[in-house]
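One-letter residues, chain by chain:
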Amino acid sequence: MIDAARVHQLLGYEGLVEALRKAHLGEMPKMSDRHIYEEAHADGRPDIFILLPAWEPEEGMLVKLVTSFPRNKERHGISTVNSIYAFINGETGVTEAIIDGEAVIFRKTSADSALGASILARKDAKTLLMVGAGGLAPYLVRAHMSVRPGIERVLIWNRSPLPAERLTAQLRNEGIPAVVAPDLDTAIPQADILSSATMAEEPIIKGRLLKPGAHVDLVGSFTPEMREADDDVIRRSAIFVDHRQTTERSGEFTRPYAAGLITPSDVRGDLFALCQGRIPGRTSADEITMMKNGGGSHIDYFVAKYVMEQHKRTMSGA
């Protein structure tokens, strides 16, 4: 049993981002389709159970189990979303570990974005804008700063000011130069890196405000009904994804595709192609880049495998 504290201990960003980079030099693990089960309720908020598997034959298998029970907070005072990971030996089929899911999700999602930024963001980036102040936000800030240590200022914007103030105070206590951005439109032109993790269903990031050379990291829009960036972001950006299969359901693409703004061929490539050098990343200092972070069970697999390697190494005293 690998609990949350142990996961965070094992998954320092320097090692994790490099592990993801090396993993993308290989092939995609075998994956099965996600399995989703729902129990409907009269209020229109179903309880949901999701299973996401990934399998690398002879090496390992991972099953990510996620529940979303919308009434948890009001009924039980606990989180809506909960998850665990089961890592299984690829040779024997024996379960080797049950791993805290929330901790892995925070670390793997933020490291996925940081890997993209390490390739696409300008090396002289000085200002990071974090759009959204939810549970994932501090991890995204730390991950981006790990690959761009020259960042001198972190702007925090949230639709409701109080969470932004709390996150800013938390980061400042860690020595991170964070300040609240009271107005998003004023903050966007200042950002060398803009990372967004919100539940927005209509675009909040205006592409016309992006400065030349900015990098946009989109994390939040994981359904066709959700979208964080407007059409101008799409028009002005060199577009990348972590993986096409995991991002094709996002409203960041389904809506522009439906409107004829872009086609799938306008997506230049994914992290496999970038890490393997099969496509160029940023091509000029003034180019605006965008990466959609879709996650996916292959990233879960890479991270869980790294957790197991680190756990075994530290337990053996190596």
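Computed from a predicted structure; not experimentally measured. (Residues numbered from 1 in each chain as written. Predicted model: local features only at pLDDT ≥ 70, side-chain atom pairs only at ≥ 80, totals over all residues. Heavy atoms only, no water.)

**As for the overall build of the protein**
Rules: For helices the rule is a DSSP run of H or I covering at least 4 residues; for strands it is a run of E covering at least 2, with both sets numbered from the N terminus onward. To get the radius of gyration, use the C-alpha atoms; to get the globule rule, take the number of residues to the power 0.38 and multiply by 2.2 Å. Only protein chains enter the accessibility calculation, which uses a 1.4 Å probe; a residue whose area is less than 20% of its type maximum is buried, one above 50% is exposed, and one in between is partly exposed. Only heavy atoms enter the contact rule, under which two residues are in contact if any of them lie within 4.5 Å. Only the protein chains shown count as cover for residues, with accessible areas throughout obtained via the Shrake-Rupley method and a probe of 1.4 Å. Charged residues are defined narrowly, with Lys and Arg counted positive, Asp and Glu counted negative, and His plus the chain ends left uncounted. In plain terms, the charge of a residue is placed at NZ if it is Lys, CZ if Arg, CG if Asp and CD if Glu.
Secondary structure assignment for the protein yields 12 helices and 14 strands. Whereas a compact globule of 318 residues would reach a radius of gyration of roughly 20 Å, the protein reaches 19 Å, a difference of no more than 12%. Along the first, second and third principal axes, the C-alpha set of the protein runs to 55 × 50 × 45 Å. Counting across all 318 residues of the protein, residues that qualify as buried make up 51%. Long-range contacts, defined as pairs at least 24 residues apart, comprise 69% of the intrachain contacts of the protein with a sequence gap of at least 6. With an accessible surface of roughly 14500 Å², the protein has 52% of that area assigned to carbon and sulfur atoms. Averaged over its 37 positive side-chain charges, the protein has a centre that lies 4 Å from the centre of its 42 negative ones.

**What about the pattern of salt bridges?**
Which entries qualify depends on this criterion: Any Lys or Arg side-chain nitrogen found within 4 Å of a carboxyl oxygen on Asp or Glu counts as a salt bridge.
This structure, assessed with the given rule, holds 18 salt bridges. In this structure, Lys-211 engages Asp-192 in a salt bridge whose closest nitrogen and oxygen atoms are separated by 3.0 Å. Of this pair, Lys-211 sits in the loop between strand S10 (193–196) and strand S11 (215–218) while Asp-192 sits in the loop between helix H7 (184–187) and S10, and the two are 19 residues apart along the sequence. A salt bridge links Asp-231 to Arg-227, with the nearest nitrogen and oxygen atoms 2.7 Å apart. Bridged by salt links that share partners, the residues Asp-43, Arg-45, Asp-47, Arg-71 and Glu-74 form one connected network.

**Considerations on unusual backbone geometry**
Non-glycine residue Glu-58 carries a positive phi angle of around 70 degrees. Along the polypeptide, Glu-58 turns up in the loop between strand S3 (47–56) and strand S4 (60–68).

**Some points on helix H10 (residues 251–259)**
Owing to its 3.6 residues per turn, the α-helix aligns residues three or four sequence positions apart on the same side. The condition is simple: Here a polar contact means two N or O atoms within 3.5 Å. Within protein one must be a hydrogen donor candidate and the other an acceptor candidate, and residues neighboring in sequence count only if both atoms are side-chain atoms.
Along H10, the positions that sit buried rather than exposed are Gly-251, Glu-252, Phe-253 and Pro-256. Turning to H10, the residues buried within the fold contact S11, helix H8 (231–236), strand S12 (237–241), helix H9 (244–247), strand S13 (267–269) and strand S14 (288–292). The N-cap residue of H10 is Ser-250: its side-chain oxygen and the backbone nitrogen of Glu-252 are 3.0 Å apart. Looking one or two places after H10, you find Gly-260, whose phi comes out positive at around 75 degrees.

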